[in-house]
Amino acid sequence: MLKDGTYAAWYKTPLDQGTGIVHVADGQIWGRDSLMTYHGSCHVDGDRFTATVSTKRHTDGRATVFGIDDELTLDIEGNCPGKIATYTATAQQVPGMILQGTLILTEQQPPAGEQRAEQRPAFNPDKLPKLPKRSR
């Protein structure tokens, strides 16, 4: 099941590949990579999910993995039986080209302060090194 959370994204077409970050929450999906931002809606039905995502360029430069510079509308279908989802997508602006991708759920780490407190032993001044006695 595609859970609400943050995912590392990897995707490829026959022309190129890329990586990004994707967030899923309350039926919405959004994220970004080095060229584009994405935003849309998603629907989860058990292990299967679908999404429609619009992309918008935020950085000039090379073409997208679809080989064009234009903004795109992606139709996505995928499967997520655990923490890793696989999906395929097509862009309405590039008929016939298929994007294949993977989403990996990011595990949340406890805040640094909480993590250190659990690992730190209780302070015991008797365990401190003793200074050598000095003669006067």
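Quick caveat: nothing in here was measured; it's all calculated off a predicted structure.

Analysis parameters
Residues numbered from 1 in each chain as written. Predicted model: local features only at pLDDT ≥ 70, side-chain atom pairs only at ≥ 80, totals over all residues. Heavy atoms only, no water. Helix = DSSP H or I, 4+ residues; strand = E, 2+ residues; numbered from the N terminus. Contact = heavy atoms within 4.5 Å. Salt bridge = Lys/Arg side-chain N within 4 Å of Asp/Glu carboxyl O. Buried < 20%, exposed > 50% of the residue type's maximum accessible area, 1.4 Å probe, protein only. Pairing = 2+ DSSP bridges. Axes fitted to C-alpha atoms, helices over the stretch in contact; angles between N-to-C directions.

With that out of the way, let us pick up the side chain of Thr73. Structurally, Thr73 can be placed in strand E6 (residues 73-79). For Thr73, the contacting residues outside a window of four places in its chain are Thr52, Val53, Ser54, Thr90, Ala91, Gln92 and Gln93.

Moving on: the pattern of salt bridges. A complete count under the given rule lists one salt bridge for this structure. A salt bridge links Asp16 to Arg62; the shortest N-O distance between them is 2.9 Å. Of this pair, Asp16 sits in the loop between strand E1 (5-12) and strand E2 (17-25) while Arg62 sits in the loop between strand E5 (48-57) and E6; the two residues are 46 residues apart in sequence, bridging distant segments of the chain. Residue Arg62 is classed as partly exposed on the basis of its relative accessible area, which comes to 42%.

Within the closed barrel, the eight strands sit side by side as E1-E2-E3-E4-E5-E6-E7-E8. Their pairing is antiparallel. Along the sheet, successive strands turn relative to each other by an average axial angle of 30°, direction set aside. Summarising the sheet, strand E3 (residues 28-33) and strand E4 (residues 36-45) pair through five bridges and their orientation is antiparallel. When the bridges of E4 are listed, Gly31 appears paired with Tyr38.

This part covers the environment of Ala25. Turning to its location among the elements, Ala25 is positioned in strand E2. A relative accessible area of 24% means that Ala25 is categorised as partly exposed. Considering only alpha carbons, one finds Ala25 and Cys42, 17 residues apart in sequence, at a separation of 9.1 Å. Excluding anything up to four places from it in sequence, Ala25 contacts Asp4 and Trp30.

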